[in-house]
Amino acid sequence: MSAPSGTARPEREPMTLPQGDVGLLHSPVAQALLRSTELARVAYVAGDGTPRVFPMLFHWTGTELVLCTFAGARKIAAIRARPDIAVTIDAATTPPDVLLLRGRAVVTDVEGIAEEYRLAHRRYAGPEQGDINVAAVDHPGVRMARIALRPSWVGVLDFVTRLPGQAPPEVRMEPAGP
């Protein structure tokens with residue numbers, strides 16, 4: 001298993017790391033989900049102070065999860081005001097695979113179509129249809145926002161070796177005696 005570009009390989013096998021360790025990005029579950037066409041579900045606090053979850057296409061750069069949206073979207077101002085976000089990418093399999101990410105997002109304004117938006121559409125729809133999808137919205141004056149998350153907390157669940165609220169089997173403590 002090779003490390004994503006721009007990140008060091010963890011010293012321990014990723015699936016033995018505790019929840020929250022960014023080294024879990026190197027786990028097979030995380031890598032498969034970051035290459036998948038599953039939607040990222042982005043949780044943030046809206047301008048009125050209430051929580052929101054919004055499904056979005058994403059692009060993984062090897063160090064950042066990049067989400068792109070068109071200028072004027074309300075989530076842009078909300079994330080700029082409160083940049084701490086959480087993201088889940090999960091596969092509806094049995095058992096499910098789940099990647100949980102948390103961190104501080106950085107929002108950058110982009111004139112025209114953001115490159116990660118184009119790359120995400122090509123991954124989700126295939127090169128030909130992805131290019132058609134992007135061309136349909138690529139007009140003079142288009143502006144986007146690039147929302148980049150460099151995870152500071154990572155969780156992985158596969159419901160076989162890693163369950164919610166539990167450490168991986170290699171680091172679990174045996175229950176105390178009677």
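For the structure given in this document, a descriptive report is provided here.

1. Looking at the nonpolar core
Residues Leu65, Val87, Ile89 and Leu99 are the most contacted members of the largest nonpolar core, which totals 34 residues. The residues contacting Val87, other than those within four sequence positions of it, are Ala40, Arg41, Val42, Leu65, Leu99, Leu100, Leu101 and Leu149. With ten residues, the next largest nonpolar core counts Cys68, Ala114, Val142 and Met144 among its residues.

2. Focus on the packing of helix H3 (residues 115-125) against helix H4 (residues 127-137)
Contact geometry for H3 and H4: axes closest at 7 Å, N-to-C directions at 135°. It follows that H3 is oblique to H4 by the angle criterion. Pair H3 / H4 crosses with right-handed handedness. Between H3 and H4, the contacting residues are Tyr117, Arg118, His121, Arg122 and Ala125 on the first element and Pro127, Gln129, Gly130, Asp131, Asn133, Val134 and Val137 on the second. Here the contact of H3 with H4 is composed, by residue class, of five nonpolar, four polar and three charged.

3. Points about the environment of Ala30
As for its position among the elements, Ala30 is in helix H1 (residues 28-35). Separated by 125 residues in the primary sequence, Ala30 and Gly155 have C-alpha atoms spaced 8.8 Å apart. Apart from residues no more than four positions distant in its own chain, Ala30 is found in contact with Leu24, Leu25, Leu99 and Val156.

4. Concerning the pairing of strand S7 (residues 143-149)
For a regular strand, the rule is simple: side chains alternate between the two faces of the sheet. Counting buried positions over the seven residues of S7 gives six, a clear majority of the element. Both strand S4 (residues 65-70) and S7 contribute to a ladder of six bridges, which runs antiparallel. From the neighbouring strand, Phe70 faces S7, where its bridge partner is Met144. Both strand S6 (residues 97-111) and S7 contribute to a ladder of seven bridges, which runs antiparallel. Each residue of the ladder has a partner; that of Ala105, found in S7, is Leu149.

5. Observations regarding the packing of aromatic side chains
Summed over all chains, the structure comprises two aromatic pairs. With 6.2 Å between their ring centres and 90° between their planes, Phe58 and Tyr124 make a pair best called edge-to-face. Here Phe58, found in the loop between strand S2 (51-56) and strand S3 (59-60), pairs with Tyr124, found in helix H3; they are 66 residues apart in sequence, far enough to count as distant. The pair formed by Phe58 and Tyr124 is uniform in burial state, with each residue classed as buried.

6. A look at the environment of Ile113
Residue position: Ile113 is located in the loop between S6 and H3. Residue classification places Ile113 among the buried residues on the basis of a relative accessible area of 12%. Each C-alpha atom, one on Ile113 and one on Thr69, is 9.5 Å from the other, the two residues being 44 residues apart in sequence.

Criteria and thresholds
- Residues numbered from 1 in each chain as written.
- Predicted model: local features only at pLDDT ≥ 70, side-chain atom pairs only at ≥ 80, totals over all residues.
- Heavy atoms only, no water.
- Core = buried A, V, L, I, M, F, W, Y, C linked by side-chain atoms within 4.5 Å.
- Buried < 20%, exposed > 50% of the residue type's maximum accessible area, 1.4 Å probe, protein only.
- Contact = heavy atoms within 4.5 Å.
- Axes fitted to C-alpha atoms, helices over the stretch in contact; angles between N-to-C directions.
- Helix = DSSP H or I, 4+ residues; strand = E, 2+ residues; numbered from the N terminus.
- Parallel < 35°, antiparallel > 145°, perpendicular 65-115°, else oblique.
- Left-handed = near helix turned anticlockwise from the far one by under 90°.
- Nonpolar A, V, L, I, M, F, W, Y, C, P; charged D, E, K, R; others polar.
- Pairing = 2+ DSSP bridges.
- Phe/Tyr/Trp six-rings, centres within 6.5 Å; stacked < 30°, edge-to-face > 60°.

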